[in-house]
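# Summary of structural features
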Amino acid sequence: MTVTSGKEAGPARAGQAMVARHAELAEVLDHWAGMLTAAADSGGPVRPVRNLLRVFLADEVLPHARAEERTLYRAARRDPGASRLVPELVS
C-alpha cells in the first residue's frame with residue numbers, strides 16, 4: 001500500500017482522474033469508430049454514425065484537449081524538466 005502525504009494526495013487524485021477520463025474517452029471513441037467501420041463494411045448508412053462521432057469529438061474530445069492545453073501545458077512550460085516536452089506535444 002502506498003501512502004501519500006496530504007500535499008501529494010491532491011495531484012495524485014487529479015492524475016488518476018485524468019487517466020480515467022482518457023480511458024473513458026478512448027472507450028467511447030473506439031465504440032463509435034467500430035460502429036462507423038461496421039456501417040461502412042455492411043454497406044449500410046454511414047452518415048448517421050459519422051454525425052454522432054463528429055458530435056462526440058466536438059462536444060467531448062476537443063473541449064477536453066483544449067482544457068489540457070490551457071492547464072497542463074502551461075504548468076509544464078514552467079517545469080524545467082518538462083518544458084522541452086510541450087513544443088513536441090503541440091507540433
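Residues numbered from 1 in each chain as written. Predicted model: local features only at pLDDT ≥ 70, side-chain atom pairs only at ≥ 80, totals over all residues. Heavy atoms only, no water.

## Side note on the overall build of the chain
Scanning the chain from N- to C-terminus turns up three helices and zero strands. With 91 residues in all, the chain has 14% of them scored as buried. Of all intrachain contacts in the chain linking residues separated by at least 6 positions in sequence, the fraction that spans at least 24 positions is 40%. Carbon together with sulfur atoms contributes 60% to the accessible area of the chain, which is approximately 7000 Å² in total. (Helix = DSSP H or I, 4+ residues; strand = E, 2+ residues; numbered from the N terminus. Buried < 20%, exposed > 50% of the residue type's maximum accessible area, 1.4 Å probe, protein only. Contact = heavy atoms within 4.5 Å. Areas by Shrake-Rupley, 256 points an atom, 1.4 Å probe, with all protein chains shown as cover.)

## Details of the side chain of His64
Mapped onto the fold, His64 is located in helix H2 (residues 47-78). When residues no more than four places from it in sequence are discounted, the contact partners of His64 are Arg21, His22 and Leu25.

## A few points about the pattern of salt bridges
Inspection of the entire model under this criterion finds two salt bridges. The partner of Arg21 in a salt bridge is Glu24, with the nearest N and O atoms 2.9 Å apart. Here Arg21 pairs with Glu24, and both are found in helix H1 (residues 6-42), just three residues apart, close to one helical turn. Since its relative accessible area comes to 44%, Glu24 is described here as partly exposed. With a shortest N-O distance of 2.6 Å, Glu60 and Arg21 are connected by a salt bridge. A residue pair is termed long-range when its members are at least 10 positions apart, and Glu60 in helix H2 and Arg21 in helix H1 qualify at 39 residues. With a relative accessible area of 34%, Glu60 lands in the partly exposed category. If you follow the salt bridges from partner to partner, you end up with Arg21, Glu24 and Glu60 in one network. (Salt bridge = Lys/Arg side-chain N within 4 Å of Asp/Glu carboxyl O.)

## Quick word on the confidence of the model for the chain
Per-residue pLDDT for the chain averages 85, and the proportion of residues at 70 or more is 87%. Per-residue pLDDT, averaged within each element of the chain, yields its smallest value for helix H3 (residues 85-90) (71) and its largest for H2 (90). (pLDDT = per-residue confidence, 0-100.)

## What about a positive patch on the surface?
Together, Arg66, Arg70, Arg74, Arg77 and Arg78 give the surface a local cluster of positive charge. The topology assignment puts Arg78 in helix H2. Classification of Arg78 by relative accessible area gives exposed; the value is 61%. (Patch = residues over 30% accessible without salt bridge, like charges linked within 9 Å, V, L, I, M, F, W, Y side chains within 5 Å. Lys, Arg positive; Asp, Glu negative; His and termini not counted. Charge placed at Lys NZ, Arg CZ, Asp CG, Glu CD.)

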